[in-house]
Amino acid sequence: MRLDIVTIFPDYFAPLDVSLLGKARRAGLLDVHVHDLREWTHDRHRTVDDTPYGGGPGMVMKPEPWGEALDTVAPPDAPRTPRLLVPTPSGRPFTQAMAAELAAEEWLVFACGRYEGIDTRVVEDARTRMRVDEVSLGDFVLAGGEVAVLVIVEAVGRLLPGVLGNADSVADDSFAPGAMESLIEGPVYTKPPMWRERAVPDVLLSGNHGAIARWRRDEALRRTARNRPELLVRLDPALLDKHDRRV
Ligand SMILES: COc1cccc(COC(=O)c2cn[nH]c2)c1
């Protein structure tokens, strides 16, 4: 998968060279190119923002540098077109399902907005020649899109075949399609069996895989009901086998 990231803070993406994603890059699974938006400015001050039409606080990112940057990164006459992702508080919720969908893409371009946002004509213009998704990571506001892009790249990158050591662990993720969809994971334990007078639930030491699976689903349901009750309405009742009904 090829990733292009356009930002005024290229240094934010140094973390993509370490750990999981660094390994994926070195294995050739991820081909990441970071671009400084200011390369496409032509004034002495390399200006990327200006005051908002209609007044109001803050600054808006100018359309010209973005238009030229996206034309260079994703040439209109190129045989393939990428999918453009713009992290923004006003976007559609980013979900594990979207991460899985993006993991199947060949080429993603990320636009990192700052200030009050990017002149909206940039997205309108891009939509004429590529798929554009404005995505939100949650109901909060960051200073810019860079950290959000790191989150999305990690969520997508770990789903790429060969990136995670144990492919099975993806299937058991919270929100993973299938049995865990709309459920968050329950508690996990490892050695020692007793720690600060706290024991590991006997069922997990029983070797009874059916009982263990049921216990894990019950705990996932319990935690979902406690922390994310709104998810339970999405849960397909058919997924609740007879053992779950008593939760
Ligand atoms: C595109 O314009 C802007 C403007 C301001 C901040 C940002 C960065 O994104 C977020 O703050 C965000 C993403 N999901 N939840 C919050 C982008």
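Please read these numbers as outputs of a predicted model, since none were measured by experiment. (Residues numbered from 1 in each chain as written. Predicted model: local features only at pLDDT ≥ 70, side-chain atom pairs only at ≥ 80, totals over all residues. Heavy atoms only, no water.)

## Details of the side chain of Glu146
Part 1 of the reasoning: With respect to the helices, strands and loops of the structure, Glu146 is situated in helix α5 (residues 146-157).
Part 2 of the reasoning: Judged by its relative accessible area of 0%, Glu146 is buried.
Part 3 of the reasoning: Not counting chain neighbours up to four residues away, the residues in contact with Glu146 comprise Thr7, Ile8, Phe9, Tyr12, Phe13, Cys112, Gly113 and Arg114. (Helix = DSSP H or I, 4+ residues; strand = E, 2+ residues; numbered from the N terminus. Buried < 20%, exposed > 50% of the residue type's maximum accessible area, 1.4 Å probe, protein only. Contact = heavy atoms within 4.5 Å.)

## Overview of the pattern of salt bridges
Part 1 of the reasoning: One pass over the full model with this rule turns up 17 salt bridges.
Part 2 of the reasoning: The partner of Arg131 in a salt bridge is Glu101, and the shortest N-O contact between them spans 3.4 Å. With Arg131 in strand β7 (residues 131-136) and Glu101 in helix α3 (residues 96-103), the pair connects residues that are 30 residues apart, well separated along the chain.
Part 3 of the reasoning: Here the residues in one salt-bridge network are Arg83, Arg92, Glu101, Glu105, Arg131 and Asp133, joined through shared partners. (Salt bridge = Lys/Arg side-chain N within 4 Å of Asp/Glu carboxyl O.)

## A word on the domain arrangement of the chain
Part 1 of the reasoning: Split by domain assignment, the chain resolves into domain 1 (2-157) and domain 2 (170-239).
Part 2 of the reasoning: Each of domain 1 and domain 2 has a C-alpha centre, and the two are 35 Å apart. (Domains from an automatic or database assignment.)

## Here we look at the site of the ligand
Part 1 of the reasoning: Around the ligand, the structure places 14 residues, and the nearest of them are Leu137, Gly138, Phe140, Leu142 and Gly144.
Part 2 of the reasoning: For the ligand, a nitrogen atom lies 2.8 Å from a polar atom in the backbone of Leu137.
Part 3 of the reasoning: For the ligand, an oxygen atom lies 2.7 Å from a polar atom in the backbone of Leu142.
Part 4 of the reasoning: When the ligand is considered free in solution it has 410 Å² of accessible area, and contact with the protein chains removes 96% of it.
Part 5 of the reasoning: Of the residues forming the shell around the ligand, the biggest block, three residues, is contributed by strand β5 (residues 83-93).
Part 6 of the reasoning: Considering only residue class, the shell around the ligand consists of seven nonpolar, seven polar and no charged. (Near = heavy atom within 4 Å. Polar contact = N/O pair within 3.5 Å; in protein donor to acceptor, adjacent residues only side chain to side chain. Areas by Shrake-Rupley, 256 points an atom, 1.4 Å probe, with all protein chains shown as cover. Nonpolar A, V, L, I, M, F, W, Y, C, P; charged D, E, K, R; others polar.)

## Focus: the packing of aromatic side chains
Part 1 of the reasoning: What the rule picks out here adds up to two aromatic pairs.
Part 2 of the reasoning: Residues Tyr189 and Trp215 carry aromatic rings whose centres are separated by 6.4 Å and whose planes lie at 50° to one another, so their mutual orientation is tilted. Taken as a pair, Tyr189 in the loop between α6 (168-171) and β8 (194-195) and Trp215 in helix α8 (residues 209-227) lie far apart in primary sequence, 26 residues in all.
Part 3 of the reasoning: Exposure remark for Tyr189: the relative accessible area of 42% places this residue in the partly exposed category. (Phe/Tyr/Trp six-rings, centres within 6.5 Å; stacked < 30°, edge-to-face > 60°.)

## Description of the sheet that holds strand β6 (residues 107-111)
Part 1 of the reasoning: Strand order in the open sheet made by the five strands is β2-β1-β6-β5-β7, with parallel pairing throughout. Every other strand in the sheet has two partners, leaving β2 (31-36) and β7 as the edge strands with one partner each. Strand-to-strand twist in this sheet, taken as the mean axis angle between neighbours without regard to direction, amounts to 25°.
Part 2 of the reasoning: By the bridge criterion, three bridges tie β5 to β6 in an arrangement that is parallel. Paired with Arg83 across the strands is Leu108, a residue of β6.
Part 3 of the reasoning: α3 contacts β5, β6 and β7 of the sheet and is inclined by roughly 170° relative to β5.
Part 4 of the reasoning: Contacts from helix α4 (residues 120-127) reach β5 and β7 within the one sheet, and its direction differs from that of β7 by about 140°. (Pairing = 2+ DSSP bridges. Axes fitted to C-alpha atoms, helices over the stretch in contact; angles between N-to-C directions.)

## Digging into the packing of α3 against α5
Two packed helices can be described by the angle between their axes and the distance between those axes.
Part 1 of the reasoning: Two numbers describe how α3 lies on α5: the axes approach to 8 Å, and their chain directions differ by 70°. On the basis of the axis angle, α3 is roughly perpendicular to α5. Facing Ala99, Leu102 and Ala103 of α3, the residues of α5 in contact are Ile152, Ala155 and Val156.
Part 2 of the reasoning: Each residue belonging to the contact of α3 with α5 can be placed in one class, and the counts come to six nonpolar, no polar and no charged. (Parallel < 35°, antiparallel > 145°, perpendicular 65-115°, else oblique.)

## Focus: the packing of helix α2 (residues 63-73) against α4
Part 1 of the reasoning: Packing of α2 against α4 leaves a shortest axis separation of 9 Å and a crossing angle of 25°. By the angle between their axes, α2 is roughly parallel relative to α4. Crossing of α2 against α4: the hand is right-handed. Facing α2, whose interface residues are Pro63, Trp66 and Leu70, α4 presents Arg121, Val122 and Ala126.
Part 2 of the reasoning: Split into classes, the residues belonging to the contact of α2 with α4 amount to five nonpolar, no polar and one charged. (Left-handed = near helix turned anticlockwise from the far one by under 90°.)

## Brief notes about the nonpolar core
Part 1 of the reasoning: Counting residues in each nonpolar core, the largest one holds 27 residues, and the members touching the most others are Leu3, Ile5, Leu30, Phe94, Leu102 and Phe110.
Part 2 of the reasoning: At the level of elements, β1 (2-7), α1 (19-26), α3, β6 and α5 are the ones that each hand at least two residues to this core.
Part 3 of the reasoning: Take this core: its biggest share by element is five residues, from α5.
Part 4 of the reasoning: With residues near it in sequence (within four places) discarded, Phe94 still touches Ala99, Leu102, Val135, Ser136, Leu137, Ile152 and Ala155.
Part 5 of the reasoning: Within the second largest apolar cluster, 22 residues are counted, among which are Ala69, Val73, Val109 and Ala111. (Core = buried A, V, L, I, M, F, W, Y, C linked by side-chain atoms within 4.5 Å.)

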